[in-house]
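# Structural description and commentary
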Amino acid sequence: MRRTAKKLSGRRIWVNSEAMFSQLSDNLEGVFKKLRGHGKISEKNISDAMREVRMALLEADVDFKVAKDFIAKVKEKAMGESVIKSITPGQQIVKIFQDELAALLGGDAAPLDLNPPARIMMVGLNGAGKTTTSAKLALHLRKQNRRPVLIACDLIRPAAVDQLVTLAKQIDVPVYAPEKGEKDVIKVAKAGIKFAKDNDATVTIFDTAGRQEIDDELIEELKGLHKVVDPKETLLVADSATGQQAVSVAQTFLNAVSITGLVLTRVDGDARGGAALSMRSVTQMPIKFIGEGEKMSALSEFHPDRMAGRILGMGDVVSLVETAAEAVDQDEAMRMAERLQKAQFDFNDFLAQMKMMRSLGPLENILGMLPGMSKMSDLSVDEKQIGRTEAIVLSMTPKERRRPEIIKASRRKRIARGSGTSVTEVNQLLRQFSEMRKMMRSKGKMKKLMKQMGGGTPPGLGF
């Protein structure tokens, strides 16, 4: 999504996994727009387009060899006679590109091997986010009715053990922490395995040490630990902004401990995404998860086909529906739909709706899953404005929320003082809310609004 960082103070504007590929997505948009514009496609058209695609991949920090091999596969299929002579050759080439991109991102995507003894070893460079990701993964598995435990095996980084203990308490997962000053990681791992058995755990997650750079000492320690733990899964945790270093990092860890999958962190802050494509291609290991924020719940299973669609601006409605199904109270949603239908929507419902939307995650994340929305250059969500709006509503009395029409001048001044906003902002919210209620009472206007938005009638409103 094209947005400036000025919209949100104190935090990065990009808050969804699509941000990881936003630069690539923007560059590809122009290439494929040209292809779709041709009634007929020649070999020269395809060669020119593939040259631009290769440049887009390289600018996104994709490894040169990875980009070259990928383009060769796409070009070979695009040059086929059935494509060039078809009625919609441009569309067919886009489809070929999407399929190959999904395959590159992980055509062999597979769930975690959680057959007993389900042991997961987290490896990677220092600062990649191993400790936080270990806790996020534990929470993810606990939500699936697993019984995870965390084992603190990072005895090098100061406060690493304390950090894991703190995170474990937040997510209510048992954690094994060695005594302060302990240096024998093998001893810790063996004690951790016993701890897991004593706690009747079904999954054991080992958080390991890293270094700023790969060195022999780190590799030897990991090899010894890997032999003792004998994990079903060895996940390489990598910062998505690793760039050209991604290939050497991935190759080294793959050779040392036979990694089984990748976890990409901080995908909300990197617009290029080259590390994802490069690591995936070099290791031939699937991207299992992506970390999309700082919250403990901000870890998502990676779906290559869905991500390919999002890179090409096709949205990801499946993930949106899954997110909504998990986060939204269906009974509350039905109750709200009925009140909308009867034009009984008040500020109490407004607050409930805001809470429901926030449970889905960052609003720009949700918008990014809608087809075409990621390409709207003026699309942005001002979280500070949302906060001010919520403060205004919370400063109203229960009676005022139910009957906003009673909010006259003196009440408006009180609400403005209580919310830290201006009377002008209070007046604006009340005016917009009044207009919305009027529209709800007019089925014709609601239908017109939905058509303008490019959609049909909202479910449950019965227009």
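Residues numbered from 1 in each chain as written. Predicted model: local features only at pLDDT ≥ 70, side-chain atom pairs only at ≥ 80, totals over all residues. Heavy atoms only, no water.

Looking only at helices and strands, one finds 21 helices and eight strands in the chain. Counting the 463 residues in the chain, one finds 48% classified as buried. For the chain, contacts bridging at least 24 residues in sequence account for 73% of all contacts bridging at least 6. Element-wise, carbon and sulfur atoms account for 52% of the exposed surface of the chain, whose accessible area totals about 22800 Å². (Helix = DSSP H or I, 4+ residues; strand = E, 2+ residues; numbered from the N terminus. Buried < 20%, exposed > 50% of the residue type's maximum accessible area, 1.4 Å probe, protein only. Contact = heavy atoms within 4.5 Å. Areas by Shrake-Rupley, 256 points an atom, 1.4 Å probe, with all protein chains shown as cover.)

A separate point is the pattern of salt bridges. Counted by the stated rule, this structure contains 15 salt bridges. Notably, a salt bridge pairs Asp48 with Arg51, separated by 3.0 Å at the nearest N-O pair. One end of the pair is Asp48 and the other is Arg51, both in helix 2 (residues 43–59) and three residues apart, which spans about a single turn. A residue is classified by how much of its surface remains accessible, and Arg51, at 43% relative accessible area, is partly exposed. Salt bridges here are not isolated pairs; linked through shared partners, they connect Lys44, Asp48 and Arg51. (Salt bridge = Lys/Arg side-chain N within 4 Å of Asp/Glu carboxyl O.)

We now examine the nonpolar core. Ranked by internal contacts, the top residues of the largest apolar core, which has 64 residues, are Leu57, Phe253 and Met279. Residues in contact with Phe253, not counting those within four places in the same chain, are Val123, Gly124, Leu125, Ile214, Leu218, Leu222, Leu236, Ser258 and Ile259. Counting residues in each nonpolar core, the second largest holds 28 residues, with Ala138, Leu139, Ile205 and Val237 among its members. (Core = buried A, V, L, I, M, F, W, Y, C linked by side-chain atoms within 4.5 Å.)

Another aspect to go through is the packing of aromatic side chains. One pass over the full model with this rule turns up three aromatic pairs. With a centroid separation of 5.7 Å and an interplanar angle of 50 degrees, the aromatic rings of Tyr176 and Phe195 are classed as tilted. On the criterion of sequence distance, the pair formed by Tyr176 in strand 3 (residues 175–176) and Phe195 in helix 8 (residues 185–198) is long-range, its members being 19 residues apart. Their ring planes at 15 degrees and their centres at 3.9 Å tell us that Phe347 and Phe433 sit as a pair that is stacked. Highlighted residues: Phe347 in helix 15 (residues 347–359) and Phe433 in helix 20 (residues 423–441), separated in sequence by 86 residues. Across the pair, exposure class does not vary: Phe347 and Phe433 are buried alike. (Phe/Tyr/Trp six-rings, centres within 6.5 Å; stacked < 30°, edge-to-face > 60°.)

This next bit is on the sheet that holds strand 5 (residues 233–239). Neighbouring strands of a sheet are bound in pairs by backbone hydrogen bonds; such pairs are parallel or else antiparallel. One open sheet holds the eight strands; their spatial order is 3-2-4-1-5-6-7-8, and the pairing between them is mixed. Taken across any chain shown, the strands that pair with only one partner, and hence form the sheet edges, are strand 3 and strand 8 (299–301). Against the sheet, helix 9 (residues 216–229) contacts strand 1 (118–123), strand 2 (148–153), strand 4 (203–208) and strand 5, and its axis sits at roughly 170 degrees relative to strand 1. (Pairing = 2+ DSSP bridges. Axes fitted to C-alpha atoms, helices over the stretch in contact; angles between N-to-C directions.)

Moving on to the pairing of strand 4. Of all six residues that make up strand 4, six are buried, and the element is covered over most of its length. Of the two faces of strand 4, both are covered, the one formed by Val203, Ile205 and Asp207 as well as the one formed by Thr204, Phe206 and Thr208. Two elements, strand 1 and strand 4, share five bridges in a ladder whose sense is parallel. Bridging from a neighbouring strand, Ala118 pairs with Val203 of strand 4. Looking at chain direction, strand 2 and strand 4 are connected through six bridges and run parallel. Directly across from Cys153, in strand 4, lies its bridge partner Thr208.

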